[in-house]
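Coordinate analysis (summary)
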Amino acid sequence: MTHRLRIYYNGVFGAAGALFGWLLFGLMAAPDWPWVWSTLLGGATIGAGIGYWVVSWEAILDLSGPRFLRMGGHGLVFGAVGGAVGALAGEVINYALQDLGVVPATLSTMLARGLGWLVFGLSVGLADGWVARSWQRTSYGAVGGVLGGFVGGVLFALLLAWLGREETSYVWGQAVGLMILGACIGSLIAAVEEALKPATLRVLRGWREGREFPILKAETSIGRDEKADILLLRDMKVEKYHAKVVVQEKRYFLVNTGAPPQHTLVDGRPVIGMAELTEGARIQLGEQVLVFHLREARRQAPTGRERQRPTGSASETIPEAILLSQPPGRGPVSK
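For clarity, every value in this text was computed on a predicted model and none was experimentally measured.

Taken in spatial order, the six strands make up an open sheet running β2-β1-β11-β10-β7-β8, and their pairing is antiparallel. The open sheet is flanked by β2 (212–214) and β8 (269–270), the only strands paired with a single partner. Where strand β7 (residues 264–266) meets β8, two bridges bridge the pair, whose relative direction is antiparallel. Each residue of the ladder has a partner; that of Val266, found in β8, is Arg269.

The next point concerns the packing of helix α2 (residues 35–61) against helix α4 (residues 105–132). Angle between the axes and distance between the axes: these two values describe a pair of packed helices. The contact between α2 and α4 brings their axes to 10 Å, and the two run at 35 degrees. α4 is crossed by α2, and the crossing has right-handed handedness. Side by side, α2 and α4 meet where Gly43, Ile46, Gly47, Ile50, Gly51, Val54 and Val55 of the first sit next to Phe120, Val124, Ala127, Asp128 and Val131 of the second. Broken down by class, the residue content of the contact of α2 with α4 amounts to eight nonpolar, three polar and one charged.

For the structure on display, the rule yields 17 salt bridges. Across the pair Lys237 and Glu287 runs a salt bridge whose closest N-O atoms are separated by 2.8 Å. One end of the pair, Lys237, is in the loop between β4 (230–231) and β5 (243–248); the other, Glu287, is in the loop between β10 (282–285) and β11 (288–294), with 50 residues separating them in the sequence. The class of Lys237 is partly exposed, set by a relative accessible area of 37%. Look at Glu287 and you get partly exposed, because its relative accessible area is 39%. A network of salt bridges, in which partner residues are shared, links Arg6, Glu58, Asp62, Arg67, Asp128, Arg137, Glu193, Glu194, Lys197, Arg202, Arg211 and Glu212.

Looking at the chain, pLDDT values average 84 and 85% of them are 70 or higher. The secondary structure element of the chain with the lowest average pLDDT is strand β13 (residues 314–319), at 33, and the one with the highest is β7, at 97. Across residues 301–335, where pLDDT falls below 50, the model places 68 contacts with residues more than four positions away in sequence or in other chains.

What follows is about the environment of Ala195. Mapped onto the elements of the fold, Ala195 is located in helix α6 (residues 167–196). Under the relative-accessibility criterion, Ala195 is labelled partly exposed at 41%. Along the backbone, Ala195 and Arg295 are 100 residues apart, and their C-alpha atoms lie at a distance of 8.8 Å.

One non-glycine residue, Arg133, lies in the positive phi region at around 50 degrees. Structurally, Arg133 can be placed in the loop between α4 and α5 (135–163). Of note, Arg208 is a non-glycine position whose phi angle comes to about 55 degrees, a positive value. Here Arg208 lies in the loop between β1 (199–205) and β2. A residue is classified by how much of its surface remains accessible, and Arg208, at 35% relative accessible area, is partly exposed.

Moving on to a nonpolar patch on the surface. Together, Leu107, Leu111, Leu115, Phe150, Val151, Leu155 and Leu158 make up an exposed nonpolar region whose accessible area comes to about 510 Å². Elements with a contribution of two residues or more to the nonpolar patch: α4 and α5. For the nonpolar patch, the element with the most residues is α5, which contributes four residues.

All right, on to the packing of aromatic side chains then. Enumeration according to the criterion identifies 13 aromatic pairs in this entry. Measuring from centroid to centroid gives 5.8 Å for Phe13 and Trp53, while their planes differ by 20 degrees, and the two rings are stacked. On the criterion of sequence distance, the pair formed by Phe13 in helix α1 (residues 3–28) and Trp53 in helix α2 is long-range, its members being 40 residues apart. Through a chain of ring-to-ring contacts, the aromatic side chains of Tyr8, Tyr9, Phe13, Tyr52, Trp53, Trp57 and Phe68 assemble into a single cluster.

Within strand β3 (residues 219–223), four of the five residues are buried, which leaves the element mostly enclosed by the surrounding structure. Here β3 pairs with β5 via four bridges, running antiparallel. Each residue of the ladder has a partner; that of Thr220, found in β5, is Val245. Sheet topology note: the β3/β4 ladder contains two bridges and is parallel. In the sheet register, Gly223 faces β4, and the bridge partner there is Leu231.

What counts, and at which threshold
- Residues numbered from 1 in each chain as written.
- Predicted model: local features only at pLDDT ≥ 70, side-chain atom pairs only at ≥ 80, totals over all residues.
- Heavy atoms only, no water.
- Pairing = 2+ DSSP bridges.
- Helix = DSSP H or I, 4+ residues; strand = E, 2+ residues; numbered from the N terminus.
- Axes fitted to C-alpha atoms, helices over the stretch in contact; angles between N-to-C directions.
- Left-handed = near helix turned anticlockwise from the far one by under 90°.
- Contact = heavy atoms within 4.5 Å.
- Nonpolar A, V, L, I, M, F, W, Y, C, P; charged D, E, K, R; others polar.
- Salt bridge = Lys/Arg side-chain N within 4 Å of Asp/Glu carboxyl O.
- Buried < 20%, exposed > 50% of the residue type's maximum accessible area, 1.4 Å probe, protein only.
- pLDDT = per-residue confidence, 0-100.
- Patch = residues over 30% accessible without salt bridge, like charges linked within 9 Å, V, L, I, M, F, W, Y side chains within 5 Å.
- Areas by Shrake-Rupley, 256 points an atom, 1.4 Å probe, with all protein chains shown as cover.
- Phe/Tyr/Trp six-rings, centres within 6.5 Å; stacked < 30°, edge-to-face > 60°.

Laid out in structure tokens, this is it:
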């Protein structure tokens, strides 16, 4: 999956989640409810919808029901709380600005929606990082969510101001505006992460070929278990917890966590203990083949003596040498 495609899907599922939440709120709400309760419930259901789908949609690619439910549950809770708080905050800010009369009504509504609903986006971004148990991903999600919530809230207010107060157009304008909000939150969370992630593993051959996994934790687990950070299915040569990528002082290592060395290779060399990963290093776990990329290296033109390794019809440029090491008490890495 390319960077743009992930941003696109995040936006699409964010919009779908917002629409689902809006429809659900329409079924539950009653016209005689106090505005406070209506605002809280509306924000909670819409936030829950956005949070659930933005956080969990990648589990659909893995065809993993347990993963989808677990990740979505976190997104639902964070989204519901942030949605309720953000929606109420937006209404309070809007009334306060209108009472002050220091800015035009349309501008005050835009500011209120933007400031209130950035809480919306913040909660969804926090959920995305919480699910991954990654402080780095949490920070990226928070930044992207705040930006998405503010931009989406401003666009929502502009759309409703343009449509006017006619009942039919206003109702459907709310639906479209909320979809824009969800799309902004989802796409900007993904865009910030894609722009700042320091390293990735891309699948060259095997389960979900072409997909990229960001390395955003001190230890990133890889295996067939549903709770692994990088899930590799449909290959019984891959152990439930086969290996992990460990980051130490900005250096990256693949650590064998008990898998057979012949099924754990870095650039064709069996790994008993651990192997340092450099730009373009090719990792084979069972029959699955992944390639390691650094963000800094991608920004620079290739230098030094390099060789080509074919991978089916494609090829990867990798460095000439890679440092191999092993934990204490182990012998040297051997073929």
